[in-house]
Amino acid sequence: MITLAEYGSEDIALLPNGLAFISSGLKYPGIVSFAPERPGEIFLLDLNDEELRPSTLRISKGFDLSTFSPHGISAYIDEEDVEDAPLSVMIPMAGDH
C-alpha cells in the first residue's frame, strides 16, 4: 500500500516508461478536505520500483503554493527531448477568482 492516500489523491497520469504523476490536495466547495491546511501537491511514483515510494515534485519558484489545488492531471511527453512534464488543472480555492 502507498501511504500517499493519507491526504487523498485526485488523479493519476501513467507514462509509458512506468512513471506516474499523482495529483493530491483538491479543495472544492462541498467536498471534504482531509488536510485543508496543506497546499496541493504533485507526486512522482516509479511503478518499476518494488518499494513504491512516491516523491513530491518541486513546483517552480514564483508559484503561489498556498493556493495550489490540483484537479486532474495529464502528462506532456516530448518524444524528441525525452522530457516529460505533468500538466494540472487548478481550481481556485474559496475567495480566489
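Residues numbered from 1 in each chain as written. Predicted model: local features only at pLDDT ≥ 70, side-chain atom pairs only at ≥ 80, totals over all residues. Heavy atoms only, no water.

A. Seen up close, unusual backbone geometry. A positive phi angle, close to 45 degrees, is found at Leu 52, a residue other than glycine. Turning to its location among the elements, Leu 52 is positioned in the loop between strand S3 (41-46) and strand S4 (55-56). (Helix = DSSP H or I, 4+ residues; strand = E, 2+ residues; numbered from the N terminus.)

B. Summary view of the sheet that holds S4. Taken in spatial order, the four strands of this open sheet run S1-S2-S3-S4, and their pairing is antiparallel. Either end of the sheet is taken by a strand with one partner, and the two such strands are strand S1 (11-14) and S4. One ladder, built from two bridges, connects S3 with S4; its direction is antiparallel. Counterpart to Phe 43 in the pairing with S4 is Thr 56. (Pairing = 2+ DSSP bridges.)

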